[in-house]
Structures are given as C-alpha cells and as structure tokens.
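So the chains spell out like this:
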Amino acid sequence: MTDKMNVNTFKAEDPNLKPHVESEPLYDPLRPVEELLLPAHFAWGTVTTAYQIDGAASQDGKGRSIWDTFSHLAPSRTNGESGDVACDHYNRVIEDVDLMASYGVEGIAFYGKLVDELLARNIEPVVTLYHWDVPQRIYDRYGAFLNTSEFIADFEHFISVCFMRFGDDVKKWVTFNEPYIISVFGYHSGILAPGRTTSTGGDSRTEPWRVGHTIILAHAVAVRAYARDYQDRQKGIISIVLSGHFYEPWDASSVIDLAAAQRRLEFYIAWFGDPIFLGRDYPSAMRARLGERLPAFTPEQLDMLRDQVPKNAFYGMNHYSTKNARALPNSPAEDDCAGNVEELDTNSEGKAVGPVSGMSWLRVAPGGFRKLLNWVWNRHHLPIIITENGCPCPGESQLPVEKAVDDRFRITYFGLYLDAISRALYEDGVKVDGYYVWSLMDNFEWSAGFGPRYGIAHTDYKTLVRTPKRSAWYLKDTFREHRKK
Ligand code: NOJ
C-alpha cells in the first residue's frame, strides 16, 4: 500500500446501474460488486493532506496559510469550523501510521518523521508538494499564483528543499493537487481559499486562467529541476494530479450535447493536460471561446513544456463522479469558465447518473469512471494512478460511531469503482498502476467543515479517537487475498 500525503466494469451502459430513486436503501444489492481481478503489483493506498488533518495551527513556529485565514473569516465560509485542530495528526503521527499499517497499507513527514515511520512499516510515501495552502505572507506580498514569475521562483526554491531533504526516501512526487479546483474554486466561485471573486476584489473573467497558467509553468519548472538536479541520483518519478468528473451528453441523441460533453472535459481536464502532457497550447475550444481571457504561452515557454513532457511519469487522477453536460442555448456569461455548458445530475430522460452519496454532487457512477479512464488514456498516453477516490455514505454524518463504521455504501462504491478499473485494464487496455483512497480518516472537508465524512476510519472530533470502518477491512482483504491476476 501507498500513502499519498501532502508531504502525503462495466460496458458502455452498466447493466448494474438503474435509475436512482431517492428512497433506495443505502446499500443496493442490485448493484453487485463483481470482484474483478487486478494486477498483483497494483499499489493501493490512503490519502491525507496537511491542512485537512494536521491541526497544530500555531505549534512549533508554524506560519499561517491562506486556509488559516479563510477558515476564520466572519461570517464563516467553512461551516463555523477550521483546521486549527482538525484530526491533530501533527501530534499523533505514530498512531496514524500504525493505523495505516493495520490496514495492510504497503505503501509520506513532519515530515521526515512521518516518512521514516512510513518506510519503517513498508509503506511507500507519495508526496504532494502543493495541496492548497500557500503561505499567507506570499499571498499578501505578491498575490501568490497571480504573479507568475515571483511564484515560480519561490516554488522552485521550496521544491528544491523538499527534494534535497526527502528525496532519498521519497520516490513519487506530485507537484500540484487539482489545479482546476485551485483556479476555479479559489478565483471564480470563491468557495475555497483565498475566496476571490469579482465582487470581492478579484476578476473572475481572467484570474482563474492566470492562476492556471502559473500552475502549469510552475509544474514544468519543478519537473525540470527534479530531472536536472536530483533524478539521476534519487531515481524517483514526478507528475501532477488532475481532477475531473466524466461528462455524458445530457441528450445522448444530440450532437450539440455530445460536443458540450467533450468541451466540458477539455475545459476541466485538458486545460492542464494538453500543455503538461502533450507540450502544446490550451485546447482549441478554449482558445476559441476565451480569447484574450486565456494567457498565451511564449515560444520559450512552449519549448520548456515540450521538453518536460517525457519526464511526467504518470497521470495522477482524482475522480469521484459523473455529470451530464447540456449545451446552453444563449451566449456565455462574461466570466464563463465551463465552455457554456450546464452540469446536471439527470439526463434528458430524467435518469440520474447513479445513487447519491453523502454529498449531493457525488453520485455512484462506475461506468463514467471507466469511460474517463479511457478518455484520459487515449488523450494523454500515460499510466494512470488513481490518486483519490471515495465518498461519504448517505446520512453518515448523523450516525453514532457504532453505526458509521458499518459503511456498506462505501464498500459498494469502492467495489464498483475497482471493477471499473479492472475492466479498463483488461478489456480496454488502459494502463492503471495504483489506487489511493480518499481518505485515511474523516477530516476537514474545506468549505463544508467537518460535516462530510470520507474516511475509512471514523474520527471522533471531541476525543480525536480514530475507529476503522468496515471498508478499511474490505480494502485490506481485497488487495491481500483477492483480485490478483
Ligand atoms: C479533493 C481534494 O483533493 C481533497 O482535499 C478533498 O477533501 C477531496 N477531494 C474530497 O472532496
């Protein structure tokens, strides 16, 4: 098993999927998990991030990040809660690594300590260099991502320190987690830190694209620095994690909706995937629709992107659910960032994409997952590691621990999504190398606070006791005994 930390089947139409009725039981026996095979070397792991679990907000001289600021705004933007204590992982690192080991995780320090403890238990650390918590002073000084050259200079310095300090032990690096979410949720809707919108001093027309541009170039600079100064000796690999739903056309018979679904995927995923993994400009649909809102790469920058392509060793995929894409009939809003496409949970026949989880946006749709694996493989041609996947069970946040640990909905979700990986591997020829679960334990879900519980261990936020859920043992058994080909 692997730990990604912040130093950290189906056919085209799944016969198991049926239209969702809100009154369906949490666990639906009509959607059987097939326990399809996975390769013996297939790595599984659990994911956590610094702000979501560490706590210790001002301990040992820790500086503030944009999330320490954002989670204390009044009125609250995070359900009245913050990551000040979170799961207190900073003070419980040994206990948490033991918990992972108990799941059979084979597979990141405070960070040196954390890395050492993981390796001592035969758990491979996979480190994400940036998971959303830019230092507040950098944001105050020059606007962080909004100042491309300053940010890149600081980022290159930071990552070099990480490679130097941890690179003998860490062999898998991720530069940025979910650039789409950083750019759009932080600088368009303002739901996540730093919470910028046109009405709060930002510019939703242009800032998300400027932020994305900085991330792409900073990623390439990091890959270049690693290859130039460390890779030969440290022998690790490096890439980036992109998020993205799969998009089905809202009306499957409409060429306009088919094009909308494709465009939505490009605005979400290929925005970053094309420059980073193909070494070329943004997708033409984005250039055509966004015009001058979208920054231009200089010839030198394109050369650099092209040079780094072969060094991206894998495609990190965070994936949870599927949506329907419907082309909007009118001209786009002046700050449109989705290709003038509406996202819906149901299609033109009123059929939902799948049963709803504990989050309204997250429906169980393994069929869409398999299609996305194919879409990414066909476009970017890199082995895929699922760097996040999981869900909160419906109603879970209201349950006492004794009931919450009986998380059959999550078990079914994992089972179906693993079946989708198996089919993508063996029927479609997609290369998938690993599967990391979000998350090791319930934790601070950003603007939703401690409400949604994604963990395979329950966290009692009063006592900070962690209790493994059934899904943890399901995964342990699944990867230890079954599914080996
Ligand atoms: C996306 C993010 O990487 C992670 O921080 C978040 O908590 C999960 N997915 C669930 O929304």
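Residues numbered from 1 in each chain as written. Predicted model: local features only at pLDDT ≥ 70, side-chain atom pairs only at ≥ 80, totals over all residues. Heavy atoms only, no water.

Novice: Just give me the short version of the overall build of the protein chain, but keep the residues and values in it.
Specialist: Summing up its helical and strand segments, the protein chain has 16 helices and 13 strands in all. The globule rule puts the C-alpha radius of gyration for 485 residues at 23 Å, and the 21 Å found for the protein chain is close to it. Counting only C-alpha atoms and orienting by the principal axes, one finds that the protein chain spans roughly 55 × 55 × 50 Å. (Helix = DSSP H or I, 4+ residues; strand = E, 2+ residues; numbered from the N terminus. Rg over C-alpha atoms; globule rule 2.2 N^0.38 Å.)

Novice: Lay out the packing of aromatic side chains with the relevant residues and their values.
Specialist: For the structure on display, the rule yields 38 aromatic pairs. Taken together, a centroid distance of 6.5 Å and an interplanar angle of 80° make the contact between Trp 67 and Phe 444 edge-to-face. Neither residue differs from the other here; Trp 67 and Phe 444 are each classed as buried. Where Tyr 130 meets Phe 145, the ring centres are 5.3 Å apart and the plane angle is 80°; that geometry is what we call edge-to-face. On the criterion of sequence distance, the pair formed by Tyr 130 in strand β3 (residues 124–130) and Phe 145 in the loop between α5 (136–142) and α6 (148–166) is long-range, its members being 15 residues apart. Phe 145 shares its class with Tyr 130; the two are buried. (Phe/Tyr/Trp six-rings, centres within 6.5 Å; stacked < 30°, edge-to-face > 60°. Buried < 20%, exposed > 50% of the residue type's maximum accessible area, 1.4 Å probe, protein only.)

Novice: Mind laying out the site of the ligand, listing which residues take part and the relevant values?
Specialist: As a matter of local geometry, the ligand sits amid Gln 52, His 131, Trp 132, Asn 177, Glu 178, Asn 318, Tyr 320, Glu 388, Trp 438, Glu 445, Trp 446 and Tyr 454. Between Gln 52 and the ligand, the recorded distance is 2.6 Å, taken from a side-chain N or O atom to an oxygen atom. The separation between an oxygen atom of the ligand and a polar side-chain atom of Trp 446 is 2.8 Å. Summarising the interface, the protein chains cover 94% of the accessible area of the ligand, which totals 290 Å² for the free molecule. Residues of the shell around the ligand, tallied by class, amount to 5 nonpolar, 4 polar and 3 charged. (Near = heavy atom within 4 Å. Polar contact = N/O pair within 3.5 Å; in protein donor to acceptor, adjacent residues only side chain to side chain. Areas by Shrake-Rupley, 256 points an atom, 1.4 Å probe, with all protein chains shown as cover. Nonpolar A, V, L, I, M, F, W, Y, C, P; charged D, E, K, R; others polar.)

Novice: Account for the nonpolar core, with residues named and values stated.
Specialist: With 138 residues, the main nonpolar core has Trp 67, Phe 145, Trp 173, Leu 373 and Ile 421 as its most contacted residues. Not counting residues up to four positions away in its chain, the partners in contact with Leu 373 are Met 317, Ile 384, Ile 386, Ala 420, Ile 421, Ala 424, Val 430 and Val 432. (Core = buried A, V, L, I, M, F, W, Y, C linked by side-chain atoms within 4.5 Å. Contact = heavy atoms within 4.5 Å.)

Novice: Talk me through helix α7 (residues 179–187); I want residue IDs and the actual numbers.
Specialist: For α7, the buried fraction is high: 8 of the 9 residues fall into the buried class. Burial in α7 covers these residues: Pro 179, Tyr 180, Ile 181, Ile 182, Ser 183, Val 184, Gly 186 and Tyr 187. Looking at the packing, one finds that the buried side of α7 touches β3, α5, β4 (172–177), α8 (207–229), β5 (237–243) and α10 (255–278).

Novice: An account of the environment of Lys 485 is requested, with residue identities and associated values reported.
Specialist: Examined against the element boundaries, Lys 485 turns out to sit in the segment after α16 (470–480). Lys 485 gets classed as exposed once you look at its relative accessible area, which sits at 59%. Through-space distance from the C-alpha of Lys 485 to that of Glu 342 is 41 Å; in sequence the pair is 143 residues apart. Apart from the residues lying within four places of it in its own chain, the contact partners of Lys 485 are Leu 37, Leu 38, Pro 39, Ala 40 and Tyr 426.

Novice: Could you give an account of the pairing of strand β10 (residues 384–388), naming the residues involved and the relevant values?
Specialist: The buried count for β10 comes to 5 of 5 residues, which makes it a mostly enclosed element. When strand β7 (residues 315–318) meets β10, the two strands line up parallel, connected through 4 bridges. Each residue of the ladder has a partner; that of Met 317, found in β10, is Ile 386. Pairing of β10 with strand β11 (residues 432–437), which is carried by 3 bridges, proceeds in the parallel orientation. If you follow Ile 384 over to β11, its bridge partner there is Val 432. (Pairing = 2+ DSSP bridges.)

Novice: Quick rundown of unusual backbone geometry? Include the residues and the values.
Specialist: Of note, the amide linkage connecting Ala 74 to Pro 75 takes the cis form, showing an omega dihedral of -5°. Structurally, Pro 75 is set in the loop between α2 (66–70) and α3 (93–102). The peptide bond linking Trp 438 to Ser 439 adopts the cis configuration, its omega dihedral lying at 15°. Examined against the element boundaries, Ser 439 turns out to sit in the loop between β11 and β12 (457–459). Of note in this structure, Asn 122 is not a glycine but carries a positive phi near 65°. As for its placement among the helices and strands, Asn 122 is situated in the loop between α4 (112–120) and β3. With relative accessibility at 60%, the residue Asn 122 sits in the exposed group. Of note in the backbone geometry, His 381 takes a positive phi value of approximately 55° without being a glycine. Its place among the elements puts His 381 in the loop between α13 (366–380) and β10.

Novice: Could you give an account of the environment of Asp 84, naming the residues involved and the relevant values?
Specialist: As for its position among the elements, Asp 84 is in the loop between α2 and α3. For Asp 84, a relative accessible area of 29% puts it in the partly exposed group. Sequence-distant contacts of Asp 84, defined by excluding residues within four places in its chain, comprise Tyr 51, Gly 55, Ala 56, Ala 57 and His 72. Engagement of the side chain of Asp 84 in a polar contact is seen with the side chain of His 72, the distance being 2.9 Å.

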